[in-house]
Every structure is written in structure tokens, then in C-alpha cells.
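Chain and residue survey
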Amino acid sequence: MSLLNTKFKYFTLFIIVTATLITSCSKDEVKVVTAQDEVSALQPVDTITKGNYSFYIFKKDTGDFVVGYNEVYIQVKNNATGKYVEDANLSWKPLMHMTSMSHACPYSAISKVANTNTLYKGYFIFIMASNSSEYWEIAYNYVNGNDTIAKVSNQVTVAASTGKVRYKSFKGADNISYFLALVEPSKPQVGTNDVKAYLYKKVDMLTFSPVENYTIQIDPRMPDMDNHTSPNNVNLTYDSFTQSYQGKVNLTMTGYWKINLIVQDASNTVLKGEAITGTTTASSIYFELEF
Amino acid sequence: MNKRILYAGIGLFSLQFAYSQQKTDSVRNLCLKEVIIIGKTGLGSKNEPKPMSSVDEYMEQQDRINLIKRGSYAWEPTINNMASERTSVTIDGMKIFCACTDCMDPVSSYVEVINLNKMHIASGIGGNPYATNSIGGSLDMKLYKAGFHKENVSASVNSGYETNGHYRILGGSLAYSNPSFYSNSGVFVRKSDDYRAGGGEEVQFSQFQKVNLMSNFGLRLSGNRAVEASVIYDVATNVGYPALTMDVKSAKGLITSLSFTKEELSPVFSKWETKLYFNTITHIMDDTKRPNVAMHMDMPGKSKTAGFYSTLQGRKTRHNFLLNLDSYYNQSLAEMTMYSKNPDEKPMFMYTWPDVRTLNTSLFAEDKYQFTARKFLQVSARLAVQHDRIRSDFGLSTLQIYYPGMSRFQNRLLWNVAAKYHYYLKNIQVKVGGGYGLRAPSSSEAYGFYLFNSFDNYDYLGNPQLKNESSWEGNLAFSATLGKLNVSLEGSCFYLNNYIIGKPDNSLTHMTLNASGVKVYRNLDHATILTSDLTVKQSFADYFIWTNKASYSLGRDDHNRALPLIAPVSYSSSLSFNRKQVYAELKLQGAAKQYKYSADYGEDQTPAYLIFGASAGYDFHLKTYNPKLKVGVENLFDRKYSTYSDWNNISRKGRNYYINLIINLL
Ligand SMILES: [Cu+2]
Ligand SMILES: [Cu+2]
């Protein structure tokens, strides 16, 4: 009798739990996505308030900005209404204040993140680390037509990149300074990985522009494995829509990979980098992946 | 070869055959290509110079079988010069697949002589209902079962010692039989240190040890039915492979089966056996004992197989037929983790076998049609469906780098047909046969990922796009007896289309440090393999037999270049004396220089060699125990030599004295 009782109890419990699950699931579906939900996976970097507006700055990982590619997310809140601005026209300008001069770095425009109401994003490719006396400052600008609605700025720390090499600056054979930053793969996997990189050149100290229609040859190698490489890699070519270079890299195992690079201009003249041969085991420009 | 029934008793068990054996003689036994009786006392034991031989050494005595040796343990049998991919090795009809990507653990390494009753060797396509994907030949190792007999208990202790390598052998077994129940169990241990090559040089990393446990049970039920079960657990540890760059920490095999048999179902159907089986093999390699390892690696592998077969035998008028439905599911998984010398770097991991799942189902039919008492025709056919699946996403995506868009699945339809005509005249026997068959690529050939082959120093990449390999086979056997002289000549030739072999691909880079490059498995348009054996046996002076053997093989690819691992001309001659309890033998054995070695496939020339041996045995007839004593010497003149099938030319054993002692306690 008691056994039957216990069984019955469990059965009732099961029904209740199931019912709860079903109701909670259906509740999820109609739930309104809040501004907080949209940044729940991001790490806050800074909050800058000026006048009625607050700028909330986020990035995907914790820690400082680093030399190379940095993705930045922004929300803007109107403190008067308490609402997040959903159609802000945002722009920004990075500037490094050095003791003897100042300069900018390659950076993108700011665009709305797809499928969100309040989130904007863009990137910087910082080209130098800050130190105690030399710092980066980023000015954010919220405009409506010709009217500046809010303009804020903050100082950020840019650390030297200590991990694997994902950014290279070099002087090309054409005597132009180039800045090359790896975006993808951010989480490399064994098999075929999409590669995305940005290539900028320096026009002057304050102007950096994306380079179009070059080719970036890739040659992934494992120095630990007699410079083993993989076949069927796809060199990076320019995609005008994203203004980035895209290709594919094949990784045959986990571990440390050196992605050797050769940058060629639109007429296939090599600007930087060397092909891997029996005697040349690495190019002078490369990215590193480890997973 | 047909007539060679080699009674190689190791004196473990009682005299009787298992009941199933008794039923299968008559015409069937005439057709067995080759049967080596191992686990039987009495009659034959005097003729076996070294009963405590390993299974490998037993196989080596057989025509058509050669063994690829990577050390002193776990030799890989080849039949008609064809290795594991082209041959089938089964244990009591059970499919077992090795768990090592480097063939360090052929199926035969998971059994012991104590487990076996006989080996059934079939050359070429036909002759074995349980052989799948085999075109070169097959080997079915029949387990020893005490059988249903009048009540009997037997126990024995087997021991052996060999001076070279301080090789110790010890085993014990116990068997009980009665008309409705039997059980036999045994334990067997082998342990050897490094052996010395001819001249005295120690061959480092040639040590091994292994423990084998086995148990069989049988229960006879009413209505001619019986249930039988068997378990083998075999563990080899600390096995050195001097020819390879790493050793084996452990190789474990658990082999289990349960079978149901019904006999005399009807006047037509004489026997119906259905067996369910499961086996699991784990293989863990070890490079930690080697000096100057460039990169430490972990390379574990596992292979699990579950399957069944159902065999129906019958006879009607002049027909003697057999039907077999057979299915197995195998999982083969092997991984490799490499550790950089730089401790800050993450380990490099990959699957060398990407968790390959193979489901193979086949139907086999065989009929022997007896024209007259001296003439019969044996025909067989097999139809099989094989479904492969790569279970590991990780492994699939690495292979897809090389084969963009390759599917996770693969289906292959495989079949073969064979026929053989047997003709027995007074003193002459003739057999003429032929066949055609297909085999699917092995796991390594289809899906292997950067498997390093130290033989030609290449990394091997599997190729899922391989076509099935096919073989046209013709064979002829002739034997004549003139008084006390017997001459027999046998030959087989194979014309293989889409022959699968690794070919260098210069567009790929190797992975293994200092490898010469990468080879990818390809289908050659064709290849030809020919094997032949001549045996001349002369008996004289009542107690003496003089046996001479010679064999010749040939292997050619589609550009008429030599294929690798084809035996050179080899020969042996032995003179044996056998009178009552005394047995003695002198033997010489050698091979000619390997003229047709395959430089194109990474082989070098093996020089000629000639070695001598002698053995003697005595069966004591004491009141109770009847011990059998065998002593002998191998490589008497301590020649330093290696054979064509010694991986990387490692030297064979130098002079070796041995003693085997078998005591039947009950
Ligand atoms: Cu600066
Ligand atoms: Cu192995």
C-alpha cells in the first residue's frame, strides 16, 4: 500500500513538474527582450555620462583592450526619458596622445547590431599599446543631422598583445605602412575554418583606410610537426560589403598553428611575406592560432 | 597442402574431439584446404617439435602463410603474400578487428595455443563461410572445447623455457566432460626479456609478457540441442616493438560468444548453429621507455565488434550444402595526442580512426556436388552489404579537409563466387579452381588519418573515394604418391583490379617528424600476385621422413614493378625420426636473396640466409602422469639474419635452446 502511495506521489510530482516546464517555456516565447538582455553576454567596459545621455561601452571579453582587433559594443540611454536610443547616429574617433605627437588607428564606422533594438557595434585596430604617459582617447559622437546631441570621450588602456599573434603592421615593398588584423577564426576548430581579416594602410597620422582588392595568401603550418601543412586552403580576398578579407583555413589537428602570410597588391606584386620552402620555414608576417 | 593435417598436440586436454567435429567429417573434411590440429593430445603430439610454440610460430609452419614481424610478439599473418586488408582472420567464425592503426595487434595475437583446437586455412576466395572482405585467403581459428563425452576430468600443466631472451612459458588447464555438460578452462602466461640476434647483439625493446585466460561451457539440451559459451581474456603488457618507434603498454582483448546448436533437424538439415558474439579490444601504445623521443605521443585505440552468424548445414542426394547468414557491427576508434617540447603549447590532438562504424551483413552459400566417390565440385557465393559511418564530427571534418564535401556515410555491395573441382585418382589428386571477388577498403585505407608507416617512412592518408578492389583467382593443386614418395605442387594466381596501395602525394606535407612524405591510398589499375609451393616427402627405413619444401612468389603492379612484401624463393628441408616414444628432427631453412624487392614501395633487398635447427622429444610412460619432454635448438650456428618480412630489417633470434614439458595430471 505504501509503495503504491509513493509511486502515486512521484507520478503527481512528475505531472506538476512537466506542467510547470511547459508553462514556463511558453512564457519565454512571449517575453520582451530588454536592453539588459541584449548585452547580457557582454562585459561592461565603461559608462560615460554627459548631459542627458549615457554611453555604455561593452566588449565580448574581460580585460583591457589590446593591440590589434577590438570589437566594441555601445548602448546609448536618454536619461531624461529613461529609454535607450534605438536609432542613434553614432560615430567615434580614436586618438593616441604620445609625448611628442598624436595619431589615430584603423577603425570602423558604428553600425546597429542586427536583430537588436539598442545595440551598436564597431571595431578598432589599435596599433600601439598605451603606457603611463601615453594614452588612447576615444571620442564618441551622437548626432542628429547637423546637430550634435551628445559628445563624450574617455581614456582607455590598450595593452600589448601577449597571446598568440593576431595582428601585424608592416611596411610594404611600396613603402606604405599596412595594418593587418585577424578577426576570425576567434574559436578555431579542427577542419575548415572561415578566415576574416582587416587590412588597412596609413594615409597620414590621422587617416587609415581599408585596402581593396589585394590578396592575402595563407599557408598554415605546424612548426612542431616538421612544418606540416594542410591542403585546400583558400587565400583571403577582398569582400567589399564587409570591407574585409575572407578565405578559409584548414586545420588538421588541435595545437599550435602558424598561419604564414604573403600580402600581394591588386597587380599581384608581393608587398610583404615569403613563401615557405625547404629553407624558409616561416614568413616574416604571420598569425598564430592555438586551440 | 591439401593433405596436410598436422597434428600438433600440446597435450592439454582429453583425447576426444568436440561432438561437432565428429559430425562434420565425411565429404567436408576432404575439402578443408588445410587443418592444423593444435589442442589434441596423443597421436600427433610426438610429431610437433615445439608444442609450446606461440600461435605465431604455428602459423609460420604453414605453407602460404608468412608473418610480418615487428618484434618478437604479435606477428601479422599474410596469406598468399596478402596481409590483413586482403585476408580474414576469425576466431570460431567471430569477426574481430585489431585496435591498432599500425597493425601491432593482429587478431591472432589475442589467442593462445591453449585456446585453440585447430586452424582452418583457406587459400583465396572460397572455402570459409565466415570470411568477409577477403580475397587473399582466410584463417579461422577454432576454439578448443572439451565436448560432450562420457564423464572425464583432465588437468595438465604446460611449461617451457627458452634460453634466448630468458623466455618463460607456463600454463595450466582443467577440463570436465560428461554427455550433457562440459567445461574447460585454462590460464597461460608467457614472458620474455629482450632476445639476442645471431652473433649475440641484444635486440632492444623486444621484450613482452602476456596472460591468457579462457573458459568454455557447453550444455546439451533435449532434442539434439546444445548451448555453448566461451570467454577469452587476453592481456599483453610491456610489449616491445624494436622495428617501430614505440612499444605497447597494454593490448587487451575480451572475446565472448554464446551459441545455440541443433543437430539432425530433418533428414536434409544436419546442423544449425547460431552464435552471438561480442568482443572488445583496447590497445595503448607507449613511447616513454624509448631514448631520444622527438615528440611524446599518446596513441590509444579501441575496436569493438558485436555480431552473429547462423549456419545451416545439410545434405541431399549428392549435394552437401551450407548456408550462412552473418552480420557484424564494428567500432574502430584511434586517437593520437602529441605533446610539444614546448610545455606552454597545447597538445596536438587528432583521430587517426575517426570512430568508424561498420555494419556488414552477408549471406554465404556453398554446395559440394559429389559426382562420384572420387570427383566432386565445390561452389560457393557470397553477397554482402557494408554500411560505413564516421561517427566523430571532429574526425569527419579533418577528412573533409582532404575530401571536401565527403559524406559521413558509405554503402558498398560486395560479392564473390568461387568454384573448385576435386579429382582423386589412385595415387594422384588434382584440384582446379577459380573465383572472382570484391573487397571493401579497410578502415585505415578508407579513413585512416596520417598513419605513420615506419617501413617506407611515409605518413598514410585514407581515401574514402576508393573503389572496391576485385580479384580474379585461379588455382591448381596436384599431388602424386609413388610408393613412399609424395610430391605435391600447388599454385594460385590473382589478378587484382583497383588494387589498393599507398602512392606518394607530393602536394601534401607529412606530419610525423622526419617522414619522407605522405602517401594516399589509391586504386592501381591492376596488380598480379602469384604464389606456388612444392613439397617432396620421402619416407624410408620405417622411421624416417625427409620433407623438402620450396616456395616461389611473384607480385607485380600495373607498371610491372615489384609489389612490396612478396616472399623471395624460400625453402626448407627436414629429416625426422619417429619411433615409439622417441622423436627427433634435423631441419634447415632458408631463403634466396630477394631479387624482386620493391624499391618503389620503400622496400630494400633482403640477403639470403640459411639456418639450422634440431629437436628431440620423448613421451614418458609413467604410471600416472605421462610427461612429454621436448628439447631443441633453433638457429644452431647463431646466424645473424632477417627475412623479407622483418619490419625494418630487424634481426631474427640468434641461437636458442628450448625445453617444453607437458604433464597431464589427471
Ligand atoms: Cu603611438
Ligand atoms: Cu599500436
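A quick note: this is a predicted structure, and the numbers were derived from the prediction, not measured.

1. So, the overall build of chain A
- Scanning chain A from N- to C-terminus turns up two helices and 22 strands.
- Going through the 291 residues of chain A one by one, you find that 45% of them count as buried.
- For chain A, the proportion of contacts with a sequence separation of at least 24, taken over those separated by at least 6, is 57%.

2. Focus: the overall build of chain B
- On a plain count of helices and strands, chain B comes out with five helices and 33 strands.
- A globule of 666 residues ought to have a C-alpha radius of gyration of about 26 Å, and chain B, at 24 Å, matches this closely.
- Overall, the C-alpha framework of chain B stretches about 70 × 55 × 45 Å when taken along its three principal axes.
- Here chain B holds 666 residues, and 60% of them are scored as buried.
- For chain B, the proportion of contacts with a sequence separation of at least 24, taken over those separated by at least 6, is 68%.
- Approximately 25,400 Å² of chain B is accessible, and the part contributed by carbon and sulfur atoms is 60%.
- In chain B, which carries 73 positive and 58 negative side-chain charges, the distance between the mean positions of the two groups comes to 8 Å.

3. Some remarks on the nonpolar core
- Ranked by size, the top nonpolar core spans 114 residues in total, and within it A:Leu199 and B:Met141 carry the most contacts.
- Other than its neighbours up to four places away in sequence, B:Met141 contacts B:Val55, B:Met59, B:Val89, B:Thr90, B:Ile91, B:Asp92, B:Ser108, B:Val111, B:Leu116, B:Lys118 and B:Met119.

4. Considerations on the sheet that holds strand S10 (residues 135–144) of chain A
All names here are of chain A.
- Pairing is antiparallel in the open sheet, where four strands are placed in the order S7-S6-S10-S11. The sheet is open, and its two edges are formed by strand S7 (102–103) and strand S11 (147–156), each paired on a single side.
- Here strand S6 (residues 89–97) pairs with S7 via two bridges, running antiparallel. Paired with His97 across the bridge in S7 is Ser102.

5. Quick look at the interface of chain A and chain B
- Taken residue by residue, the interface counts 23 residues in chain A and 26 residues in chain B.
- In this assembly, chain A packs against chain B so that about 1,900 Å² is buried in total across both faces, 60% of it on carbon and sulfur atoms.
- Of all residues in chain A, the largest losses of buried area upon contact with chain B belong to A:Asp224, A:Met225 and A:Asp226, amounting jointly to 28% of the total for that side.
- Elements with a contribution of two residues or more to the side of chain A that touches chain B: strand S15 (191–204) and strand S19 (244–251) of chain A.

6. Overview of the packing of aromatic side chains
Residue and element names in this part refer to chain B.
- Overall, the coordinates contain 43 aromatic pairs over all chains when judged by the stated rule.
- Taking the centre distance of 5.9 Å and the plane angle of 85 degrees together, the rings of Phe269 and Phe321 count as edge-to-face. Taken together, the residues span a long stretch of sequence, with Phe269 in strand S15 (residues 269–286) and Phe321 in strand S18 (residues 319–339) at a distance of 52 residues.
- According to the relative accessible area criterion, Phe269 is partly exposed, its value standing at 31%.

7. As for the confidence of the model for chain B
All names here are of chain B.
- For chain B, the mean per-residue pLDDT works out to 89, and 93% of the residues sit at or above 70.
- Low pLDDT (under 50) marks residues 1–34, which in the prediction has 122 contacts with non-local residues, meaning those over four places away or in another chain.
- Taken over the whole predicted complex, pTM reads 0.86, whereas the ipTM for its chain interfaces reads 0.82.

8. What about the pattern of salt bridges?
Residues and elements named next belong to chain B.
- This model, assessed by the stated rule, comprises 38 salt bridges over all chains.
- The salt bridge partner of Glu490 is Arg64, with a shortest N-O separation of 3.7 Å. A residue pair is termed long-range when its members are at least 10 positions apart, and Glu490 in strand S26 (residues 485–504) and Arg64 in the loop between helix H3 (55–60) and strand S3 (65–68) qualify at 426 residues. Note on accessibility: Glu490 and Arg64 belong to one class, buried.
- Between Asp326 and Lys95 there is a salt bridge whose closest N-O contact spans 2.7 Å. Note that Asp326 is positioned in strand S18 and Lys95 in strand S6 (residues 94–95), a separation of 231 residues in sequence.

9. Structural notes on the coordination of the copper ion (ligand 1)
All names here are of chain A.
- Taken together, the protein ligands of the copper ion (ligand 1) are Met96 (SD), Met98 (SD), His103 (NE2) and Met128 (SD), with distances of 2.0 to 2.7 Å.
- Donor residues for the copper ion (ligand 1) sit on one chain with the sequence pattern M-x1-M-x4-H-x24-M. The same class applies to Met96 and to His103, which are both buried.

10. Here we look at the pairing of S26(B)
Residues and elements named next belong to chain B.
- Two strands pair when backbone bridges link them, and strand S25 (residues 469–482) and S26 are joined in this way by 13 bridges, in the antiparallel orientation. If you follow Thr481 over to S26, its bridge partner there is Asn486.
- In sequence, S25 turns back onto S26 through a hairpin of two residues, with Gly483 there showing a positive phi of about 60 degrees.

11. Focus on the pairing of S19(A)
Residue and element names in this part refer to chain A.
- Across the eight residues of S19, six count as buried, placing the element largely inside the fold.
- Sheet analysis places S15 next to S19, joined by seven bridges and oriented antiparallel. Pairing of Lys196 across the sheet is with Gln246, part of S19.
- Sheet topology places strand S18 (residues 234–239) next to S19; four bridges connect them, and they run antiparallel.

12. With respect to the coordination of the copper ion (ligand 2)
Residue and element names in this part refer to chain B.
- In this structure, Cys100 (SG), Met104 (SD), His283 (NE2) and Met285 (SD) serve as the protein donors to the copper ion (ligand 2), at separations of 2.1 to 2.6 Å.
- Considering all four donor atoms around the copper ion (ligand 2), angles at the metal cover 84 to 133 degrees and the coordination shape is irregular.
- Along the chain, the residues donating to the copper ion (ligand 2) fall in the pattern C-x3-M-x178-H-x1-M.
- With relative accessibility at 1%, the residue Cys100 sits in the buried group.

13. Focus on the domain arrangement of chain A
All names here are of chain A.
- You can read the domains of chain A as domain 1 (35–159) and domain 2 (167–290).
- In this assembly, 16 residues from domain 1 lie in contact with ten residues from domain 2.
- Of the roughly 1,100 Å² buried at the junction of domain 1 and domain 2 (both faces included), carbon and sulfur atoms supply 78%.
- It is Tyr69, Pro106 and Tyr123 that lose the most area in domain 1 upon contact with domain 2, and together they represent 39% of the buried surface on that side.
- Taken together, domain 1 and domain 2 are joined by zero salt bridges.
- Applying the counting criterion to the domain 1 and domain 2 interface returns two residue pairs in polar contact (both at pLDDT 80 or more).
- Looking at the side of domain 1 that touches domain 2, the elements with two or more residues in it are strand S4 (68–78), S7 and strand S9 (120–126).
- Element by element, the count of residues in the side of domain 1 that touches domain 2 is highest for S9, at three residues.
- Within the side of domain 1 that touches domain 2, the residues separate by chemical class into twelve nonpolar, four polar and no charged.

14. Some thoughts on unusual backbone geometry
- For the bond running from A:Glu184 to A:Pro185, omega is 5 degrees, close enough to zero to count as cis.
- Position of A:Pro185 relative to the elements: it lies in the loop between strand S14 (177–184) and S15.
- Backbone geometry places A:Asp226, a non-glycine residue, at a positive phi of 55 degrees.
- Topologically, A:Asp226 is positioned in the loop between strand S17 (215–221) and S18.
- Even without being a glycine, B:Phe205 presents a positive backbone phi close to 60 degrees.

The rules behind the values
Residues numbered from 1 in each chain as written. Chains lettered and ligands numbered in written order. Predicted model: local features only at pLDDT ≥ 70, side-chain atom pairs only at ≥ 80, totals over all residues. Heavy atoms only, no water. Helix = DSSP H or I, 4+ residues; strand = E, 2+ residues; numbered from the N terminus. Buried < 20%, exposed > 50% of the residue type's maximum accessible area, 1.4 Å probe, protein only. Contact = heavy atoms within 4.5 Å. Rg over C-alpha atoms; globule rule 2.2 N^0.38 Å. Areas by Shrake-Rupley, 256 points an atom, 1.4 Å probe, with all protein chains shown as cover. Lys, Arg positive; Asp, Glu negative; His and termini not counted. Charge placed at Lys NZ, Arg CZ, Asp CG, Glu CD. Core = buried A, V, L, I, M, F, W, Y, C linked by side-chain atoms within 4.5 Å. Pairing = 2+ DSSP bridges. Buried area = accessible area lost by both parts, 1.4 Å probe. Phe/Tyr/Trp six-rings, centres within 6.5 Å; stacked < 30°, edge-to-face > 60°. pLDDT = per-residue confidence, 0-100. Salt bridge = Lys/Arg side-chain N within 4 Å of Asp/Glu carboxyl O. Donors = N, O, S within 2.8 Å, 3.2 Å for Na, K, Ca; no water. Tetrahedral: all angles 85-135°; square planar, octahedral: opposite > 155°, others 65-115°. Domains from an automatic or database assignment. Polar contact = N/O pair within 3.5 Å; in protein donor to acceptor, adjacent residues only side chain to side chain. Nonpolar A, V, L, I, M, F, W, Y, C, P; charged D, E, K, R; others polar.

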